[in-house]
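Breakdown of the fold
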Amino acid sequence: MDIGFVGIGMMGKPMAVNLLKAGHNVTVVNRSQAKVRELAEMGASPGTSPADAARGAEVVGLCLVGDAVVESVLCGENGVLAGAEPGTIVLDHSTVHPEFARRMEQECATRGVTYLDAPVSGTGDVAWGGRLTVMVGGDDAAFERTGPALDAVSANARHMGPVGSGNMAKLVNNMVKDINQLGVLETFVLGAKQGLDCGLLFHVLRNGESASRQLERILPKILDRSFEQTSYVSTNIKDQDLMEWMIDQAGLVLPLRNAARDSWLYAAEQGLASADPPEAIKALEPIAGVEVAGELLPRDAGVPSPGGAYQAIDSITAAMYGVGVFEAFALTTKLGMDARAMFEVMRTASGASARLERTGAVILDGARDGSGPTVDDCVASYGPLLEEWQRGGLRMPLHEASASLWRRAAEQGLGSEPASAAYALYE
């Protein structure tokens, strides 16, 4: 395919490279000309403006930051629409407000151009390996036409509904990602405070109920204290503002998500707005008087299960993940989104976890999950640990919100029911 690509930054660069590797003819445009020259050496055609990228292109990919930049690149004097021919498809991989995406759809339609909002999930090796998850909103036939381009950059590209649906799905996934990530930060600060071996704790969790994409992504960085930049705390705060709009539209109260929002804001207040998100653990460590570090054990290391405190922390982390899944499905359902499609994208996106696999399937199919913990088990797992972090003055807002949900479910008579029955509190 003849493809134009505007924005070859942290996410756009691996996407453009993978399009070239797949044999597409790619014209690249970027503010930094050094990156344009680098891709030109790999076979890309350098463009001088977004209009250049669009001339003769079947598809124009955008990977930009913020609504204002997207609008300028699309609609400006030398923007994409100035060079695009009728029939061109704009594949906007930027994370933008869903209503803004709908406005861009209208702007493009006046020129006979089809706009699809198609934000992505995945960073680092996932992006470079062409294994992104892409959530696409817009015309179904146009989505099918972009298949060769999407196949080059993703392992899972899914049509979510009309324009705006792509970004709504991205925000739901990011809500779960933030909950999982911040909950893990709290978990390991608690473990370090208890004097546990954090490398061994990671080994227990990744092989236990708390296995998740975020655990795998961020813990090696934290244990090694090497916070390579792949995103920004400030970007997560921007996403939280967009989530606020969605939650208001749904008329829901989501305590765990609110705790995640407040935690990112707290990290920014501690001077970490420009830090890589896992580095937000530095906002929690001084309160506890610890530093989380340790040796990374091989995943298949034959280490006997230490049980005790290690198992208790695995249980509360999994319980917290479960509440995040409840909130995601409650929001998806309330907004009239396709819950099964949402489940399928989250399974390969940054919100993936063992708890999502278990709880999500139960919610969708209405089956009874009798093999896992009960609501009372979740309440009990928090008991002594909650007392310990309160005595120590630790900052644990996500785990506190999770513990509160499980207690409320027990008070509603669900104590002996499987943990998934607590979803009824959100219905």
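As the structure is a prediction and not an experimental result, all values here were calculated from the model. (Residues numbered from 1 in each chain as written. Predicted model: local features only at pLDDT ≥ 70, side-chain atom pairs only at ≥ 80, totals over all residues. Heavy atoms only, no water.)

**Describing the layout of surface pockets**
To be explicit about the condition: Grid points spaced at 1 Å and placed over the protein atoms alone form the basis of the search, with a cavity being a set where a 1.4 Å probe fits but cannot get out and a pocket an open set showing protein on both sides within 12 Å along at least five of seven lines. Lining residues have an atom within 4 Å of a point. Grid points are joined across faces, edges and corners, and a volume is the space filled by probe spheres set on the points. Ten residue types, Ala, Val, Leu, Ile, Met, Phe, Trp, Tyr, Cys and Pro, are classed as nonpolar, four, Asp, Glu, Lys and Arg, as charged, and the remainder, Gly among them, as polar.
Taken as a whole, the second largest pocket holds about 170 Å³ of empty space. Taken together, 17 residues form the lining of the second largest pocket, with Glu209, Arg355, Pro373, Cys378 and Ala419 sitting closest to its centre. Looking at the lining of the second largest pocket residue by residue, the classes come out as seven nonpolar, six polar and four charged.

**Brief notes about the pairing of strand S8 (residues 132-137)**
Note the following rule: Note on classification: 1.4 Å probe, protein chains only; a residue is buried when its accessible area is under 20% of the maximum for its type, exposed when over 50%, partly exposed between these limits. Going along the chain from the N terminus, every DSSP run of H or I of four or more residues is numbered as a helix, and every run of E of two or more is numbered as a strand. DSSP calls a pair of strands paired once it identifies at least 2 bridges connecting them.
For S8, the tally of buried residues reaches six of six residues, placing the bulk of the element in the interior. Burial along S8 is two-sided: the face carrying Leu132, Val134 and Val136 and the face carrying Thr133, Met135 and Gly137 are both buried. Relative to S8, strand S7 (residues 120-121) runs antiparallel, the two being bridged by two bridges. Considered in S8, the bridge of Ser121 is made with Thr133. Relative to strand S9 (residues 154-161), S8 is paired through six bridges, and the arrangement is parallel. The residue of S9 that forms the bridge with Val134 is Ala157.

**Points about the side chain of Ser121**
Note the threshold: Polar contact is defined as a pair of N or O atoms within 3.5 Å, subject to the rule that within protein one atom must be able to donate a hydrogen and the other to accept it, and that residues adjacent in sequence are counted only when both atoms are side-chain atoms. Contacts are assigned to residue pairs with any non-hydrogen atoms lying within 4.5 Å of each other.
Mapped onto the fold, Ser121 is located in strand S7. A polar contact is formed between the side chain of Ser121 and the side chain of Asn173, at a distance of 3.5 Å. Not counting residues up to four positions away in its chain, the partners in contact with Ser121 are Leu132, Thr133, Met135, Asn173, Ala349 and Ser350.

**Details of the packing of helix H19 (residues 375-392) against helix H20 (residues 397-414)**
Condition: Note on method: axes are straight lines fitted to C-alpha atoms, helices fitted across the in-contact stretch only, with angles between N-to-C directions ranging 0 to 180 degrees. The labels follow the angle: roughly parallel below 35 degrees, roughly antiparallel above 145, roughly perpendicular from 65 to 115, and oblique for the rest. Put simply, a crossing is left-handed when the front helix is turned counterclockwise from the back one by less than a right angle, and right-handed when it is turned clockwise.
Their axes nearest at 9 Å, the elements H19 and H20 cross at an angle of 140°. Taken together, the axes of H19 and H20 are oblique relative to one another. For the crossing formed where H19 meets H20, the hand is left-handed. From H19, Val375, Asp376, Cys378, Val379, Tyr382, Leu386 and Trp389 reach across to H20, where they touch His399, Glu400, Ser402, Ala403, Trp406, Arg407, Ala409, Ala410 and Leu414.

What is shown is where atoms sit, not what they do.
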